[in-house]
Amino acid sequence: MKETTKVPKEITVKQLAEKVGVDATTVRRKINNGEIQALFAGKGFLSTDIAIEHYEFSQEHKKTLESMKTHAKVISFVNHKGGCSKTTTAYTIAAMLQKFGNKVLLVDMDPQGNSTQSVLEPHSNEEGITLPYPKTIKDLLVEKKNSGTVGETLFTEVIRSSRFGFDAIPCDLSLNSIMPDLESSSFKEVILKELLNEIAEKYDYIIIDTPPTLGFSVISSLTASDYVLVVTLAEAFSILGVEQTMNLINSVKRQNSVLANPREMRILGIVISKAEMATNVSRHFVSELESFSEEHTIPLFIDDIIPKTTKIPETQALNVLITDYDAKGDASLAYFNIALKIDIEIKKDRIKEKLSK
Ligand SMILES: Nc1ncnc2c1ncn2[C@@H]1O[C@H](COP(=O)(O)OP(=O)(O)OP(=O)(O)O)[C@@H](O)[C@H]1O
Ligand SMILES: [Mg+2]
């Protein structure tokens, strides 16, 4: 068994200054104006080596990046197995990408509505009684199906500002009520893709949180996606879920190859969550995931394993982000690094696309 005890390393402002080759005051200024990414941990900032890579990349390509028109890249967070941190990972990465200066929209495609509940204030009447959101993703899909276009007014009614800075489209059980109708429509695979196309110029990233099912929600989310992030636990059933999810992605790709401008659905990588690296079982399954990723040439975020920590459920009870609540913790640093790596990777692709035009 390979040794996998890597955890993300934090660096202080002083170390950051030495590595970047400027003084600490300049580093603090660069953090404050968003040039260098860092987390705020009570008394001061902390950062990571990946944040330096992100800073150097952004500096090197500053002009090109500034000259590029906004056009959202869509990322789906998937695993057909339930409870493996898809939602937690999706909204935490959304918050990080927004914090890095991007404009982000989170789309909840899960009728359980967990990301909706995690990021939006509840909708309530004057007496303070919680009510369902008046308009959700369901209304957008119905309008798209019936009229072909959604239009600005309905989007404005549906899209809400989340407590973590990014925008969000809520979802609830009402999505289930339109499934049979959507499933029988010839338009079903592309409906979400075309819906999101209408607002693509307003965002840099659209993050989709998907349910642990196979069916309309997941297939239409994949079809709408430029990138896919697979989230798994280091345990047998979740790894089976990863394999089944890969098969699903490949079959959706094959089906979609006949569509005009099919989305690439490139797998950004596999994120391991709720790992307990002190146990043999987690180490064993992390090692299995390493072999799986090598065999299938799929990147694995092996240096950014998200540990199991009671701090995550605590953040969900308190409606805060782990990166604010426990900035120094390994879960925060892992999420911070994963988001930085995603931002670099996708911006590299966007630059390549621009140069190839
Ligand atoms: N790193 C972590 N450590 C401990 N608990 C976690 C961690 N990440 C998520 N959880 C908890 O695990 C549960 C499932 O997480 P989450 O809802 O993000 O998974 P999911 O894959 O979206 O689930 P579903 O398949 O039902 O949509 C939640 O109670 C959450 O608080
Ligand atoms: Mg979920």
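Residues numbered from 1 in each chain as written. Chains lettered and ligands numbered in written order. Predicted model: local features only at pLDDT ≥ 70, side-chain atom pairs only at ≥ 80, totals over all residues. Heavy atoms only, no water.

1. Quick word on the pattern of salt bridges
Pairs may arise between side chains of opposite charge once their charged atoms sit close together. Summed over all chains, the structure comprises 16 salt bridges. Here glutamate 35 and lysine 30 are joined by a salt bridge, their closest N and O atoms 3.2 Å apart. Of the residues examined, lysine 30 reaches a relative accessible area of 10% and is grouped as buried. Between glutamate 157 and lysine 135 there is a salt bridge; the shortest N-O distance is 3.0 Å. (Salt bridge = Lys/Arg side-chain N within 4 Å of Asp/Glu carboxyl O. Buried < 20%, exposed > 50% of the residue type's maximum accessible area, 1.4 Å probe, protein only.)

2. Some thoughts on the site of ligand 1
The immediate surroundings of ligand 1 are formed by 19 residues, with Gly83, Lys86, Thr87, Thr88 and Gln316 found nearest. A distance of 2.8 Å is found between an oxygen atom of ligand 1 and a side-chain nitrogen or oxygen belonging to threonine 87. Measuring from an oxygen atom of ligand 1, one finds a side-chain N or O atom of glutamine 316 at 2.4 Å. Within the complex, 83% of the 630 Å² of free accessible area of ligand 1 lies under protein. If you list the elements that add at least two residues to the shell around ligand 1, you get helix 5 (86–99) and helix 14 (311–318). Taken together, the residues that form the shell around ligand 1 break down as 6 nonpolar, 9 polar and 4 charged. (Near = heavy atom within 4 Å. Polar contact = N/O pair within 3.5 Å; in protein donor to acceptor, adjacent residues only side chain to side chain. Areas by Shrake-Rupley, 256 points an atom, 1.4 Å probe, with all protein chains shown as cover. Helix = DSSP H or I, 4+ residues; strand = E, 2+ residues; numbered from the N terminus. Nonpolar A, V, L, I, M, F, W, Y, C, P; charged D, E, K, R; others polar.)

3. Focus: the layout of surface pockets
The computed volume of the largest pocket comes to approximately 520 Å³. Broken down by secondary-structure element, the contributors of at least two residues to the lining of the largest pocket are helix 3 (49–60), helix 4 (62–67) and helix 16 (330–356). Its residues placed into classes, the lining of the largest pocket shows 6 nonpolar, 9 polar and 7 charged. (1 Å grid on protein atoms, 1.4 Å probe; cavity = no way out; pocket = protein on both sides within 12 Å on 5 of 7 lines; lining within 4 Å. Points joined across faces, edges and corners; volume = space filled by probe spheres on them.)

4. As for the pairing of strand 4 (residues 73–78)
For strand 4, the tally of buried residues reaches 6 of 6 residues, placing the bulk of the element in the interior. Pairing analysis gives 5 bridges linking strand 4 to strand 10 (residues 205–209), with the strands arranged parallel. Looking across to strand 10, one finds that isoleucine 75 is bridged to isoleucine 207. (Pairing = 2+ DSSP bridges.)

5. Re the environment of leucine 192
Among the structural elements, leucine 192 can be located in helix 10 (residues 191–197). For leucine 192, a relative accessible area of 0% gives the class buried. Separated by 55 residues in sequence, leucine 192 and isoleucine 137 place their C-alpha atoms 9.6 Å apart. Sequence-distant contacts of leucine 192, defined by excluding residues within four places in its chain, comprise Met109, Ile137, Leu141, Ile208, Ser220, Ser221 and Ala224. (Contact = heavy atoms within 4.5 Å.)

6. Describing the packing of helix 7 (residues 137–147) against helix 9 (residues 174–183)
It is the contact of helix 7 with helix 9, at a shortest axis distance of 9 Å, that shows an interaxial angle of 25 degrees. Viewed along their axes, helix 7 and helix 9 adopt a mutual orientation that is roughly parallel. Note on packing geometry: the crossing formed by helix 7 with helix 9 is left-handed. Contacts between helix 7 and helix 9 pair Ile137, Lys138, Leu141, Val142 and Lys145 from the former with Ser174, Leu175, Ser177, Ile178, Asp181 and Leu182 from the latter. (Axes fitted to C-alpha atoms, helices over the stretch in contact; angles between N-to-C directions. Parallel < 35°, antiparallel > 145°, perpendicular 65-115°, else oblique. Left-handed = near helix turned anticlockwise from the far one by under 90°.)

7. Examining the sheet that holds strand 12 (residues 266–273)
The strands that make up a sheet pair up through hydrogen bonds in the backbone, lying either parallel or antiparallel. Read across the sheet, 7 strands follow the order 8-9-5-10-4-11-12 without closing on themselves; strand pairing throughout is mixed. Edge positions in the open sheet fall to strand 8 (160–161) and strand 12, since each of these has one partner strand only. One ladder, built from 3 bridges, connects strand 5 (residues 104–108) with strand 9 (residues 167–169); its direction is parallel. If you follow leucine 105 over to strand 9, its bridge partner there is aspartate 167.

8. Observations concerning unusual backbone geometry
Note on backbone geometry: most residues besides glycine have negative phi, and most peptide bonds are trans. A positive phi angle, near 80 degrees, is found at serine 85, a position not held by glycine. If you trace the backbone, serine 85 turns up in the loop between strand 4 and helix 5. Phi at asparagine 319 takes a positive value of approximately 60 degrees, unusual for a residue other than glycine. Assignment of secondary structure puts asparagine 319 in the loop between helix 14 and helix 15 (322–325).

9. Focus on the packing of aromatic side chains
A complete count under the given rule lists 4 aromatic pairs for this structure. Centre to centre, the rings of tyrosine 91 and phenylalanine 164 are 6.0 Å apart; their planes meet at 15 degrees, and the pair counts as stacked. With tyrosine 91 in helix 5 and phenylalanine 164 in the loop between strand 8 and strand 9, this pair connects stretches of sequence that are 73 residues apart. Ring geometry for phenylalanine 100 against phenylalanine 336: centres 6.0 Å apart, planes inclined by 75 degrees, an arrangement best described as edge-to-face. Placement of the pair is phenylalanine 100 in the loop between helix 5 and strand 5 and phenylalanine 336 in helix 16, with a sequence separation of 236 residues. Its relative accessible area of 8% is what places phenylalanine 100 among the buried residues. Put simply, the rings of Tyr91, Phe164 and Phe166 pair up and form one aromatic cluster. (Phe/Tyr/Trp six-rings, centres within 6.5 Å; stacked < 30°, edge-to-face > 60°.)

10. Details of the nonpolar core
By size, the foremost hydrophobic cluster in this structure holds 46 residues, and its most contacted members are Ile75, Phe166, Ile207 and Ile342. Residue contributions to this core peak at 10 residues, all from helix 16. Once you skip the residues sitting within four places of it in the chain, isoleucine 207 turns out to touch Ile75, Phe77, Ala90, Ala94, Leu97, Val104, Leu105, Leu106 and Val107. Formed by 30 residues, the second largest nonpolar core is a distinct cluster that contains Val150, Val158, Cys171 and Ile208. (Core = buried A, V, L, I, M, F, W, Y, C linked by side-chain atoms within 4.5 Å.)

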